[in-house]
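Below, each chain spelled out in residue letters.
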Amino acid sequence: MSESSAPLVTMSGIDKIFFDKYANRGVDFELERGETHALLGENGAGKTTLMNVLAGIYNPDAGRIYIEGQEARFASPKDAIASGIGMVHQHFMLIPAFTVWENMILGMDSVPFVIDKRNVTAKITELSERYSLPVDPGAKVSTLSIGERQRVELLKMLYREAKVLILDEPTSVLTPRETLDFFSTLRRMTAAGHGIVLISHKIEEVLSIADRMTVLRRGERAATVKSGETRKETLVRMMMGHNPENLRRKRARFGQTVLSCENLSARGDRGAISLRGVSFDLKEGEILGVAGVAGNAQDELCETLAGLRSPDSGKIILRGENVAGMGPREFIERGVSYIPVDRTRTGLVPNMNMRENIALKKYWRKPAARGKFMLDWNFLDDLTRSLAEAYSIQTIPAESPVRALSGGNLQKLMLARELSDKPSVILAMHPVWGLDVGAAGFVRERMMEERGRGAGILFVSDDLDDLFEMSDRIMTIFEGRIMGIADNPSDFSRERIGLLMAGMAV
Amino acid sequence: MDMLISILAAAVRSGTPVLYSVAGEMLTERSGVMNLGLEGIMLLGAFAGFSVTQSTGDPAIGLAASFLSGALVTVIHAFLCVTIGANQVVSGLAMSLFGGGMSAMLGRNHIGETIKGLMPFKFPVLGSIPLIGPVFFRHDVLVYASYVLVAAMCFFIFRTRPGMNLRAIVENPRAADAMGLSVRRARYFYTLLGGGLSGLAGGYLSVVYAQMWVEGMTAGRGWIAVALVIFGIWHPLRGMLGCYLFGGIDALQMRIQAAGTSVPAPLLMMLPYLTTLCVLTFISIRKRSGALPGAPASLGVPFRREERD
């Protein structure tokens with residue numbers, strides 16, 4: 001290995017264009033040996049795009065990449081891996097149906113034609129001991145927890161002798177406690193000479209581990225700073241381009257209970273019980289936050305409350321009436337609104353135009369319905385136009401399918417449809433997930449307005465900052481059970497909720 | 001006993017052309033591409049095999065031509081599905097119609113002509129084992145080759161590095177790509193290989209099985225192959241079993257016809273297809289209950305690296 005003085009990675013003037021829009025524009029980035037360099041920025045700032053360019057997944061439209069001073073051109077991820085660059089994506093690149101050791105050697109040409117399993121598992125065991133990343137090489141990935149899968153991803157990169165490890169939002173799937181362990185593993189790796197790029201939007205975490213930080217804003221580099229020389233507030237300003245506006249939050253005025261669950265249980269997609277005896281009340285004018293690591297039956301909870309999933313046992317009481325076992329239409333007609341996390345699968349029909357998407361929840365009743373078989377398109381056109389204006393949704397030709405819209409506009413469209421009927425219960429799953437700053441702020445404000453109007457809102461998120469900002473109460477869910485409910489914003493504590501999220505009783 | 005042995009031997013003989021097609025389609029589908037054009041590709045392969053054997057007098061060259069023509073015509077399907085990302089069902093149906101029409105047009109002056117094709121021979125030693133010998137080892141070389149093919153496929157898919165890469169590409173193409181595998185190259189390779197094997201399956205029908213050219217002589221075997229891939233849950237051994245089951249029913253109904261019965265012949269000829277349908281229904285029910293593994297995860301879904309999701 002040549003111990004040159006050149007940085008491990010130098011990227012200069014990187015442009016990447018998607019659909020005529022710059023995702024990255026003239027970005028410079030540098031990584032030294034033994035350094036943890038954080039990439040900060042809001043959703044949509046171009047952090048992941050930049051690193052996908054470094055990992056050979058995207059071809060840059062302009063700019064150069066140097067690895068240890070040598071110019072590199074990556075035609076595919078294979079080339080990047082050969083240059084010692086390994087990326088752990090936010091959505092893990094593992095084959096669930098494969099074992100750990102099979103995932104480990106996937107795509108490696110150096111493995112002999114007929115695989116020698118013992119050789120591979122021995123090397124895995126050696127690596128997992130050296131970096132204290134315990135895994136069972138023979139286990140099937142689909143049986144592993146999220147934290148274990150992350151360890152497999154890291155080991156996969158180490159197995160390929162990656163010098164540069166790119167980690168995309170690695171802590172978003174971890175509890176606060178697991179995050180601490182994870183960071184000590186990262187320190188062990190930098191001590192061994194690896195360079196780490198940490199993509200994140202969580203400033204406090206980044207300050208505790210990174211040596212340097214590069215802030216991206218709308219695809220361009222806003223600044224690169226050293227960790228000791230900056231404060232949180234400065235970074236926030238650099239990320240947003242202005243001082244953060246505080247969410248206007250009026251005093252809560254709670255009304256009657258609109259929704260209550262009693263001992264609600266439901267099965268997951270694989271047929272096993274996943275929601276286990278949940279009970280809680282939701283009042284008018286209240287935002288009840290649901291904290292939890294993704295995959296702890298939040299989906300099942302919301303789907304059951306929207307009538308999309310039949311409960312196994314228990315009651316769902318809407319304004320005094322038990323509606324458990326009824327279908328989604330009954331729930332909609334009783335004022336339940338559902339904002340699912342996957343906008344383009346459950347939320348909207350991407351190949352339909354705007355007014356058709358708006359009509360989806362209205363077509364069977366007046367005033368959208370005309371008689372038994374006809375729709376009042378004039379009414380729907382007018383409604384769509386006024387909603388598009390009120391929610392400032394980008395205008396596209398009336399006949400264009402909505403898949404032409406960006407994520408933020410899709411979310412606004414779905415919100416417009418869901419809120420236009422003045423629902424009394426709103427089930428919002430990660431409503432600001434993946435949105436840029438402006439769109440996220442808009443969504444938060446609309447939720448607050450609905451709260452002021454008197455809707456009861458169930459707000460599911462895995463981002464504690466977001467939950468603290470929005471919620472009147474926070475309940476923590478773990479493996480389908482409610483671990484505890486914090487009744488007062490003054491009781492919200494990161495440590496306490498963090499422990500509850502990990503399933504530890506407090 | 002002799003009757004049973006002769007039906008079982010006929011099952012192997014009649015199942016083998018379907019088996020080549022099933023083996024090819026399993027490889028194609030395991031890479032993530034669905035090829036519903038098997039029927040058409042088989043017909044083209046059958047005509048190519050017939051016509052080249054007729055003009056060269058050498059069935060080996062004829063069979064090579066069957067394989068090549070199958071692979072060659074499948075380039076259209078691979079280009080549409082892999083490069084352009086077109087709808088694989090539509091493309092497959094078009095392939096099927098194209099192959100059927102093309103072979104009928106090319107062969108319209110040759111209907112009923114016979115050729116001297118591949119002859120069966122008794123396999124040394126193995127052919128003399130009672131029961132096993134007459135059922136499995138008194139056929140032609142392509143039947144023996146199919147045993148080797150199935151065994152090799154099992155070893156290749158489950159034990160070797162490229163086989164593992166193949167399984168990964170269909171389970172999670174994005175992950176496979178990120179690990180440096182070329183999804184596109186693999187899909188082209190296995191789609192063309194699958195097309196070639198289907199062509200060879202057609203060649204078996206004209207050069208070995210019937211030794212003549214008849215328009216539409218595959219009689220739906222290409223479609224049966226598509227169904228048997230599902231029956232075999234993408235495992236070569238189970239696929240082989242399915243082929244022999246189909247072949248066995250086919251052989252049985254021909255014996256019944258030959259023996260003379262009051263049941264109308266068309267009804268008897270329906271039997272193999274009807275059985276396939278029933279078995280498929282049964283398999284699908286068991287699959288729903290989770291007793292059997294499902295289809296490869298990204299089967300039929302085009303892959304584009306720079307598509308944002």
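Computed from a predicted structure; not experimentally measured. (Residues numbered from 1 in each chain as written. Chains lettered and ligands numbered in written order. Predicted model: local features only at pLDDT ≥ 70, side-chain atom pairs only at ≥ 80, totals over all residues. Heavy atoms only, no water.)

(A) Local environment of the overall build of chain A. Each helix and strand counted, chain A has 17 helices and 22 strands in total. Taking 2.2 N^0.38 as the reference for a compact globule, 506 residues should give roughly 23 Å; the C-alpha atoms of chain A span a radius of gyration of 25 Å, in line with that estimate. Projected onto its principal axes, the C-alpha positions of chain A cover 75 × 50 × 45 Å. Counting every position in chain A, which comprises 506 residues, the buried fraction comes to 53%. Counting only contacts in chain A whose residues sit at least 6 apart along the sequence, the fraction spanning at least 24 positions is 67%. Surface summary for chain A: the accessible area is close to 22,800 Å², and the carbon and sulfur share equals 48%. The distance from the centre of the 66 positive side-chain charges to the centre of the 67 negative ones in chain A is 3 Å. (Helix = DSSP H or I, 4+ residues; strand = E, 2+ residues; numbered from the N terminus. Rg over C-alpha atoms; globule rule 2.2 N^0.38 Å. Buried < 20%, exposed > 50% of the residue type's maximum accessible area, 1.4 Å probe, protein only. Contact = heavy atoms within 4.5 Å. Areas by Shrake-Rupley, 256 points an atom, 1.4 Å probe, with all protein chains shown as cover. Lys, Arg positive; Asp, Glu negative; His and termini not counted. Charge placed at Lys NZ, Arg CZ, Asp CG, Glu CD.)

(B) Highlighting the overall build of chain B. Each helix and strand in chain B was counted, giving twelve helices and zero strands. For chain B, the succession of helices and strands along the chain, N to C, is α-α-α-α-α-α-α-α-α-α-α-α. Taken over C-alpha atoms, the radius of gyration comes to 19 Å for chain B, in line with the 19 Å a tight globule of 309 residues would show. Overall, the C-alpha framework of chain B stretches about 65 × 45 × 40 Å when taken along its three principal axes. Counting only residues that meet the buried cut, chain B has 54% of its 309 residues in that class. For chain B, contacts bridging at least 24 residues in sequence account for 76% of all contacts bridging at least 6.

(C) Main features of the packing of aromatic side chains. Tallying each qualifying case throughout the model produces 18 aromatic pairs over all chains. Note on B:Phe137 and B:Tyr147: the rings are 5.7 Å apart at their centroids and 75° apart in plane angle, and the pair reads as edge-to-face. A residue pair is termed long-range when its members are at least 10 positions apart, and B:Phe137 in the loop between helix H5 (132–136) and helix H6 (141–159) and B:Tyr147 in helix H6 qualify at ten residues. Seen in terms of ring centroids, B:Phe189 and B:Tyr190 are 5.1 Å apart; in terms of plane orientation they differ by 85°. Their pairing is edge-to-face. These aromatic residues form a ring-pair network of at least three members: B:Phe121, B:Phe123, B:Phe136, B:Phe137, B:Tyr144 and B:Tyr147. Here the basic side chain of A:Arg25 rests over the ring of A:Tyr22, its NZ or CZ set 3.9 Å away from the ring centre. The cationic tip of B:Arg238 hangs over the ring face of B:Phe231; the distance from NZ or CZ to the ring centre is 5.8 Å. (Phe/Tyr/Trp six-rings, centres within 6.5 Å; stacked < 30°, edge-to-face > 60°. Lys NZ or Arg CZ within 6 Å of the ring centre and 35° of its normal.)

(D) Structural context of the nonpolar core. Within the largest apolar cluster, 136 residues are counted, with the highest numbers of intra-cluster contacts made by A:Met11, A:Leu50, A:Met51, A:Leu54, A:Ile166, A:Leu186 and A:Met189. For this core, the element with the most residues is helix H9 (residues 183–209) of chain B, which contributes ten residues. Counting 41 residues, the second largest nonpolar core, distinct from the first, contains A:Val432, A:Ala455, A:Phe459 and A:Met470. (Core = buried A, V, L, I, M, F, W, Y, C linked by side-chain atoms within 4.5 Å.)

(E) Quick look at the interface of chain A and chain B. Counting residues at the interface gives 33 residues for chain A and 23 residues for chain B. Between chain A and chain B, a total of about 2,400 Å² is buried, with carbon and sulfur atoms accounting for 65% of that surface. Of all residues in chain A, the largest losses of buried area upon contact with chain B belong to A:Met93, A:Leu106 and A:Phe113, amounting jointly to 23% of the total for that side. At the junction of chain A with chain B, the criterion picks out two salt bridges. Residue A:Glu102 is joined to B:Arg167 by a salt bridge in which the shortest nitrogen-to-oxygen separation is 3.2 Å. Counting across the chain A and chain B interface gives seven residue pairs in polar contact (both at pLDDT 80 or more). Elements that contribute at least two residues to the side of chain A that touches chain B include exactly strand S1 (9–18), helix H2 (77–82), helix H3 (100–105) and helix H5 (146–159) of chain A. Ranked by residue count, the leading element in the side of chain A that touches chain B is H2(A), at three residues. Classifying every residue of the side of chain A that touches chain B gives 21 nonpolar, six polar and six charged. (Buried area = accessible area lost by both parts, 1.4 Å probe. Salt bridge = Lys/Arg side-chain N within 4 Å of Asp/Glu carboxyl O. Polar contact = N/O pair within 3.5 Å; in protein donor to acceptor, adjacent residues only side chain to side chain. Nonpolar A, V, L, I, M, F, W, Y, C, P; charged D, E, K, R; others polar.)

(F) View of helix H10 (residues 221–231) of chain B. All names here are of chain B. Burial analysis of H10 places nine of its eleven residues in the buried class, the great majority of the element. Burial in H10 covers these residues: Arg221, Gly222, Ile224, Ala225, Val226, Ala227, Leu228, Val229 and Phe231. Downstream of H10 by a residue or two, Ile233 has a phi angle that is positive, lying close to 35°.

(G) Broad picture of the state of the cysteines. Taken as a whole and judged by the stated rule, the model has zero disulfides over all chains. The closest cysteine sulfur to the non-disulfide-bonded B:Cys278 is located on B:Cys243, 18 Å from its own sulfur. (Disulfide = S-S within 2.5 Å.)

(H) How the structure looks around the side chain of A:Ser265. Residues and elements named next belong to chain A. Looking at the element boundaries, Ser265 is found in strand S11 (residues 257–267). Using a relative accessible area of 11% as the deciding quantity, one classes Ser265 as buried. Polar contacts involving the side chain of Ser265 include one to the main-chain amide nitrogen of Gly277, which spans 2.9 Å. If we ignore the near neighbours within four places in the chain, the residues touching Ser265 are Leu275, Arg276, Gly277, Pro311, Asp312 and Ser313.

(I) Representation of the packing of H6(B) against H9(B) within the structure. Residues and elements named next belong to chain B. Viewed as axis vectors pointing N to C, H6 and H9 meet at an angle of 160°, and their least axial separation amounts to 13 Å. The angle between H6 and H9 falls in the class roughly antiparallel. The way H6 lies across H9 gives a crossing that is left-handed. Of H9, the residues touching H6 (which contributes Leu142, Val143, Leu149 and Phe156) are Tyr190, Leu197, Tyr204 and Val208. Its residues assigned to classes, the contact of H6 with H9 comprises eight nonpolar, no polar and no charged. (Axes fitted to C-alpha atoms, helices over the stretch in contact; angles between N-to-C directions. Parallel < 35°, antiparallel > 145°, perpendicular 65-115°, else oblique. Left-handed = near helix turned anticlockwise from the far one by under 90°.)

(J) Layout of the sheet that holds S11(A). Residues and elements named next belong to chain A. As summarised here, the arrangement of the four strands in space is S12-S11-S14-S15, forming an open sheet in which the pairing is antiparallel. The open sheet terminates on both sides in strands that have one partner only, identified here as strand S12 (273–283) and strand S15 (321–322). Helix H9 (residues 298–305) contacts S11, S12 and strand S14 (313–318) of the sheet and is inclined by roughly 60° relative to S12. (Pairing = 2+ DSSP bridges.)

(K) Geometry of the environment of B:Phe47. Residues and elements named next belong to chain B. Within the secondary structure layout, Phe47 lies in helix H2 (residues 38–56). Owing to a relative accessible area of 9%, Phe47 belongs among the buried residues under this scheme. Filtering out sequence-adjacent residues up to four positions away, Phe47 remains in contact with Ser103, Leu106, Gly107, His110 and Trp213.

(L) Spatial organisation of the packing of H10(B) against helix H11 (residues 236–259) of chain B. Residues and elements named next belong to chain B. At their nearest, the axes of H10 and H11 sit 8 Å apart, and the two run at 135° to each other. On the basis of their axis angle, the class for H10 and H11 is oblique. Here the hand of the crossing between H10 and H11 comes out right-handed. Contacts between H10 and H11 pair Arg221, Ile224, Leu228 and Phe231 from the former with Arg238, Gly239, Leu241, Gly242, Cys243, Phe246 and Asp250 from the latter. Among the residues making up the contact of H10 with H11, the classes are represented as six nonpolar, two polar and three charged.

(M) The arrangement of the pattern of salt bridges in detail. Residue and element names in this part refer to chain A. Scanning the model with the defined rule gives 35 salt bridges over all chains in all. Between Glu71 and Arg64 there is a salt bridge, and its shortest N-O distance comes to 3.0 Å. A residue is classified by how much of its surface remains accessible, and Glu71, at 38% relative accessible area, is partly exposed. With a closest N to O distance of 3.6 Å, Arg231 and Glu233 form a salt bridge. What makes Arg231 exposed here is its relative accessible area of 54%. Members of the salt-bridge network, linked through shared partners, are Arg446, Glu449, Glu450 and Arg453.

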